[in-house]
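Structural description and commentary
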Amino acid sequence: TLKSDDLDVARTVTIAANNDAYGTVAITDPATEEKSISTVQKAVTVEATPAEGFAFINWTNAAGEEVSTETTYVYTGTEDVTLTANFGYTLSYFVGEGGTAAFMVDGQAVNSDVVLAPETEVTINVTPGTDMQANIIVNGMAVNFTNNTYTFVMNRATSVVVSFVDAVYTL
């Protein structure tokens, strides 16, 4: 007997982007121009394409649970599902010699090249070595910071360079 590639009952797969300006979504198999399809086909392939300046974060279901971190996702469930492609901005950073820097989001450290949701608040905590002072450059511009801390909101792809130089003391 041949095993069917179809389900016994159709289910509906609906897709959306977290913001249409951040990227596009498509149901590519079975191919349709629509953002929702009812089908008995066991595997439904969806694709997310970030707009320029944005990056893909993940696919989530209606409960907000992450189902994939790949731009192409194949849904094989038997239940109706709504999938949202989440896009954001890339945070990349470099920390030079002479001290340390921690990049924090909601109290958790994040690695360089992480993709963060728009409006995410990022705090940089710098710890210069002995007789050193820190400089922070964000997207090519030096920023002022206090108490070795700088906080900003992700509203575009952001590149940060933290460097340390010999401290200058005035008497």
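Residues numbered from 1 in each chain as written. Predicted model: local features only at pLDDT ≥ 70, side-chain atom pairs only at ≥ 80, totals over all residues. Heavy atoms only, no water.

1. Considerations on the sheet that holds strand 10 (residues 99–105)
With respect to topology, four strands assemble into an open sheet ordered 11-10-13-16, the strand pairing being antiparallel. The sheet is open, and its two edges are formed by strand 11 (108–109) and strand 16 (149–153), each paired on a single side. Two strands pair when backbone bridges link them, and strand 10 and strand 13 (residues 121–128) are joined in this way by six bridges, in the antiparallel orientation. When the sheet's bridge partners are listed, Ala 101 is paired in strand 13 with Val 126. (Pairing = 2+ DSSP bridges. Helix = DSSP H or I, 4+ residues; strand = E, 2+ residues; numbered from the N terminus.)

2. A word on the packing of aromatic side chains
With the rule as written, the count across this model stands at seven aromatic pairs. Each ring, one from Tyr 22 and one from Phe 54, has its centre 4.6 Å from the other, and the planes form 25 degrees; the classification is stacked. Remark: Phe 54 occurs in the loop between strand 5 (44–50) and strand 6 (55–60) and Tyr 22 occurs in the loop between strand 1 (6–17) and strand 2 (23–29); sequence separation between them is 32 residues. Classification of Tyr 22 by relative accessible area gives buried; the value is 16%. Among the aromatic residues, ring-to-ring pairing joins Tyr 22, Phe 54 and Tyr 89 into one connected group. (Phe/Tyr/Trp six-rings, centres within 6.5 Å; stacked < 30°, edge-to-face > 60°. Buried < 20%, exposed > 50% of the residue type's maximum accessible area, 1.4 Å probe, protein only.)

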